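Single-letter residue listing:
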Amino acid sequence: AQSVTQLDSQVPVFEEAPVELRCNYSSSVSVYLFWYVQYPNQGLQLLLKYLSGSTLVKGINGFEAEFNKSQTSFHLRKPSVHISDTAEYFCAVSPPEGAQKLVFGQGTRLTINP
Amino acid sequence: SQTIHQWPATLVQPVGSPLSLECTVEGTSNPNLYWYRQAAGRGLQLLFYSVGIGQISSEVPQNLSASRPQDRQFILSSKKLLLSDSGFYLCACRGRGYTEAFFGQGTRLTVV
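Model, not experiment: these values are computed from the prediction.

Undergrad: Where do I start with the pairing of strand E8 (residues 73-78) of chain B in this structure?
TA: The side chains of a regular strand alternate between the sheet's two faces. All names here are of chain B. Most of E8 is tucked away: 5 of the 6 residues are buried. Looking at chain direction, strand E3 (residues 19-26) and E8 are connected through 6 bridges and run antiparallel. Paired with Glu22 across the bridge in E8 is Ile75. Here strand E7 (residues 65-70) runs beside E8; their pairing, made up of 4 bridges, is antiparallel. Its bridge partner lying in E8, Gln70 is registered against Gln73. Linking E7 back to E8 in an antiparallel pair, the connection comprises 2 residues.

Now the structure itself:
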């Protein structure tokens, strides 16, 4: 079975500062990894995904994430945040093609202060 | 691309009343469908998932049930709501050939 741990429940950052949201996963098989963003009272929107290949993946809104197999991590980064990045961010994992479950972490609330 | 329709957006129901939340999907066929619940500060909890018509897997024992009467229709139900059923319910779809899931806009349920 897979599980996901997001190490920070809340991350406050000043506008234009860099940010890293941490995600660690546990799995006995290879996995697909995802980051989603949720704005207030809305559904989730995909930011980026890692399937295979290059360990650095780029997503929408200037975000990127790096897959580290030895540390079983998939941390999300952005070099300079904006007020509009204030949202909740979820890391998720699923087995590759053929399986069904998509398991999410507890979420990290990113707050951008002016 | 896939579009997920969820309704209603908000719902206030008394304790002991029944519940029916509907989710329909466009833009794909034979998808995997999911119901998640999001309670304050608790992330997303997978409640049910379905790989086909009439096929439902339950993740946690609870007061809720799910059904999939048609390929692109997924229904979440309860016969008698509890206060603890309050939360934000999200339907998600993972179409064949897609690696990621797409989400509906959610239903905020308040049981009073």
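Undergrad: Looking at this structure, I do not really get the pattern of salt bridges. What am I missing?
TA: Two side chains of opposite charge can pair, provided their charged atoms sit close to one another. Under the counting rule described, the total for this entry stands at 9 salt bridges over all chains. Measuring nitrogen to oxygen at the nearest pair gives 2.8 Å for the salt bridge that ties Lys58 of chain A to Glu64 of chain A. What makes Lys58 of chain A exposed here is its relative accessible area of 63%. With a relative accessible area of 22%, Glu64 of chain A lands in the partly exposed category. Here Arg37 of chain B makes a salt bridge to Asp85 of chain B, at a shortest N to O gap of 3.8 Å. You can see Arg37 of chain B sitting in strand E4 (residues 32-38) and its partner Asp85 of chain B sitting in the loop between E8 and strand E9 (87-94), a full 48 residues away along the chain. Given the relative accessible area of 3%, Asp85 of chain B is considered buried. One network of salt bridges, with partners in common, ties together Glu20, Glu66 and Arg77 of chain A.

Undergrad: Explain the interface of chain A and chain B here, please?
TA: Many descriptions give the size of an interface as the accessible area lost when the pieces come together. Tallying the contact residues gives 21 residues for chain A and 22 residues for chain B. Buried surface at the junction of chain A and chain B, both sides included, amounts to about 1,800 Å², of which 51% is carbon and sulfur. Along the contact surface separating chain A from chain B lie 1 salt bridge. With a closest N to O distance of 2.8 Å, Lys49 of chain A and Glu100 of chain B form a salt bridge. For the pair chain A and chain B, the number of links is 7 residue pairs in polar contact (both at pLDDT 80 or more). Counting only elements with at least two residues in the side of chain A that touches chain B, the list comes to strand E5 (32-38), strand E6 (44-50) and strand E10 (87-94) of chain A. When residues in the side of chain A that touches chain B are grouped by element, the largest group, 4 residues, is from E5 of chain A. The residue makeup of the side of chain A that touches chain B, split by class, is 11 nonpolar, 8 polar and 2 charged.

Undergrad: What's the story with the nonpolar core in this structure? I'm lost.
TA: Taken as a class, soluble globular proteins show a tendency for nonpolar side chains to be buried jointly. Within the largest apolar cluster, 27 residues are counted, with the highest numbers of intra-cluster contacts made by Trp35, Leu48, Phe74, Leu76 and Tyr89 of chain A. Considering each element in turn, this core owes the most residues, 4 residues, to E10 of chain A. Counting 19 residues, the second largest nonpolar core, distinct from the first, contains Leu19, Ala66, Tyr89 and Leu109 of chain B.

Undergrad: Is there a simple way to think about the state of the cysteines in this case?
TA: Here the structure, examined in full by the defined rule, presents 2 disulfides over all chains. Paired by a disulfide, Cys23 of chain A and Cys91 of chain A hold their sulfur atoms 2.0 Å apart. Torsion about the S-S bond of the Cys23 of chain A and Cys91 of chain A cystine: about -65°, corresponding to left-handed handedness. Of this pair, Cys23 of chain A sits in strand E4 (residues 23-26) while Cys91 of chain A sits in strand E10, and the two are 68 residues apart along the sequence. Assigned by exposure class, Cys23 of chain A and Cys91 of chain A land together as buried. There is a disulfide in this structure between Cys23 of chain B and Cys91 of chain B, and the S-S distance comes to 1.9 Å. Every disulfide takes its handedness from the sign of the S-S torsion; for Cys23 of chain B and Cys91 of chain B that torsion is -70°, giving left-handed. Of the two residues, Cys23 of chain B sits in strand E3 while Cys91 of chain B sits in strand E9, which places them 68 residues apart along the sequence. In this model Cys93 of chain B remains outside any disulfide bridge; the closest cysteine sulfur is found in Cys91 of chain B, 7.5 Å from its own. Residue Cys93 of chain B is classed as buried on the basis of its relative accessible area, which comes to 0%.

What counts, and where the lines are drawn
Residues numbered from 1 in each chain as written. Chains lettered and ligands numbered in written order. Predicted model: local features only at pLDDT ≥ 70, side-chain atom pairs only at ≥ 80, totals over all residues. Heavy atoms only, no water. Buried < 20%, exposed > 50% of the residue type's maximum accessible area, 1.4 Å probe, protein only. Helix = DSSP H or I, 4+ residues; strand = E, 2+ residues; numbered from the N terminus. Pairing = 2+ DSSP bridges. Salt bridge = Lys/Arg side-chain N within 4 Å of Asp/Glu carboxyl O. Contact = heavy atoms within 4.5 Å. Buried area = accessible area lost by both parts, 1.4 Å probe. Polar contact = N/O pair within 3.5 Å; in protein donor to acceptor, adjacent residues only side chain to side chain. Nonpolar A, V, L, I, M, F, W, Y, C, P; charged D, E, K, R; others polar. Core = buried A, V, L, I, M, F, W, Y, C linked by side-chain atoms within 4.5 Å. Disulfide = S-S within 2.5 Å.

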